[in-house]
Structure formats: structure tokens, C-alpha cells
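Chain and residue survey
Listed below, chain by chain, are the residues.
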Amino acid sequence: GMKAPNLKFFGFLAMAYLALGFSWAVAYVAHWKELLELQNCITAVVALGMCETAVWYFDYANFNATGFRPYLATIFAVLLGSMRTTLSRALVLVVSMGYGVVRPTLGGLSTKVIALSVCYFFS
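Not measured: the values here are computed from a predicted model.

All right, on to the overall build of the protein then. When its secondary structure is counted, the protein shows four helices and zero strands. For the protein, the succession of helices and strands along the chain, N to C, is α-α-α-α. Against the 2.2 N^0.38 benchmark of 14 Å for 123 residues, the protein shows a C-alpha radius of gyration of 17 Å, more extended than a compact globule. Over its C-alpha atoms, taken along the principal directions, the protein stretches across nearly 50 × 35 × 20 Å. In the protein, which comprises 123 residues, the proportion classed as buried is 24%.

Here it is as C-alpha cells:
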């Protein structure tokens, strides 16, 4: 049906995330002494993306094989996507505020960033 191309797309995307994750892990291990907290957040975004695309792929593969959408897998994939998007937007926000580049900490602004991220996740 109309969802058939999604299986190939998410399969390709999962492989691309796997290659990105491997490249990131090699660079992460090679420079582990100079890492900032921002690199840990980027690692979490890449890991969430890998998990999300893998869950979507297996969701569509199961749908293709059985003809039924697994309800829990779909909800899990959507939640992973929401967490990835929320974390990546929070990461862009704190970098644009100067954290890790100009400022060593966010000070009192960290609670506001967390509150904004929680509101974004639930919206």
C-alpha cells in the first residue's frame, strides 16, 4: 500500500545512523580526554535516532509481514522521536546561549531550559 516505501526508507536511514554512530564512537573514543558535556548530548541524540529508525523499520517490517500494525511499537517509535527532537532542540538552545563555547555553565538558566524542554516534549 501507501506505506510500502517507508520500509526501504527506514532501512536505509537505520544503516545511515549506524554508520554515523560508528564514526561518532571512533571520534568520541579517540578524543575522550577533551570532551565537553555537549558531546555527550550529541551522543544521546545519535543513539536516540538509531533506536527510533530501527523501531520504525521493524514496525513497518512487521506490518508488511502480518498486515497489522503493532500498537506498542508505533507508540514507542513516536516517543523515541519526540525525545530525540526535544533533546536536539534543547541542545541547539543551550549552544545558542553560549554554553560550552563561551560559558562554562548556564547558571540559573538551566531550570528554564529544562522547563522549556519538558513543555516542548509534552506539546
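Once you've had a look at it, read on.
On to the confidence of the model for the protein. Here the protein averages 92 in pLDDT, while 99% of its residues score no lower than 70. Element-level mean pLDDT values for the protein span from 93 in helix α2 (residues 37-66) up to 95 in helix α3 (residues 71-96).

This next bit is on the pattern of salt bridges. One pass over the structure, following the stated rule, counts two salt bridges. Measuring nitrogen to oxygen at the nearest pair gives 2.6 Å for the salt bridge that ties Glu-52 to Arg-84. Within this pair, whereas Glu-52 is found in helix α2, its partner Arg-84 is found in helix α3, the two being separated by 32 residues in sequence. In this structure Glu-52 comes out as buried when scored by relative accessible area, which is 11%.

Moving on, we get to the packing of aromatic side chains. Taken as a whole, this structure holds six aromatic pairs when the rule is applied. With 5.1 Å between their ring centres and 75 degrees between their planes, Phe-9 and Phe-10 make a pair best called edge-to-face. A relative accessible area of 44% places Phe-9 in the partly exposed class. Seen in terms of ring centroids, Trp-56 and Tyr-60 are 5.8 Å apart; in terms of plane orientation they differ by 20 degrees. Their pairing is stacked. Here Trp-56 and its partner Tyr-60 are both found in helix α2, four residues apart, which amounts to about one turn of the helix. Per residue, the accessibility class of Trp-56 equals that of Tyr-60, and both read buried. Following the ring pairs from residue to residue traces out a cluster consisting of Phe-9, Phe-10, Trp-56 and Tyr-60. Above the face of the Phe-63 ring, Arg-69 is positioned so that its terminal group lies 5.5 Å from the ring centre.

Below, the discussion takes up the packing of α2 against α3. Packing of α2 against α3 leaves a shortest axis separation of 9 Å and a crossing angle of 155 degrees. Taken together, α2 and α3 sit at an angle that is classed as roughly antiparallel. Considering the relative orientation of α2 and α3, their crossing is left-handed.

Take the nonpolar core next. Listed in full, the eight residues of the largest apolar core are Leu-7, Phe-10, Leu-48, Val-55, Trp-56, Tyr-60, Ala-77 and Leu-80. For this core, the secondary-structure elements that each account for two or more residues are α1 (4-30), α2 and α3. Residue contributions to this core peak at four residues, all from α2. If sequence neighbours within four positions are ignored, Tyr-60 has contacts with Lys-3, Asn-6, Leu-7, Phe-10 and Arg-69. Counting residues in hydrophobic clusters, the runner-up holds six residues, among them Leu-38, Val-94, Tyr-99 and Val-113.

Analysis parameters
- Residues numbered from 1 in each chain as written.
- Predicted model: local features only at pLDDT ≥ 70, side-chain atom pairs only at ≥ 80, totals over all residues.
- Heavy atoms only, no water.
- Helix = DSSP H or I, 4+ residues; strand = E, 2+ residues; numbered from the N terminus.
- Rg over C-alpha atoms; globule rule 2.2 N^0.38 Å.
- Buried < 20%, exposed > 50% of the residue type's maximum accessible area, 1.4 Å probe, protein only.
- pLDDT = per-residue confidence, 0-100.
- Salt bridge = Lys/Arg side-chain N within 4 Å of Asp/Glu carboxyl O.
- Phe/Tyr/Trp six-rings, centres within 6.5 Å; stacked < 30°, edge-to-face > 60°.
- Lys NZ or Arg CZ within 6 Å of the ring centre and 35° of its normal.
- Axes fitted to C-alpha atoms, helices over the stretch in contact; angles between N-to-C directions.
- Parallel < 35°, antiparallel > 145°, perpendicular 65-115°, else oblique.
- Left-handed = near helix turned anticlockwise from the far one by under 90°.
- Core = buried A, V, L, I, M, F, W, Y, C linked by side-chain atoms within 4.5 Å.
- Contact = heavy atoms within 4.5 Å.

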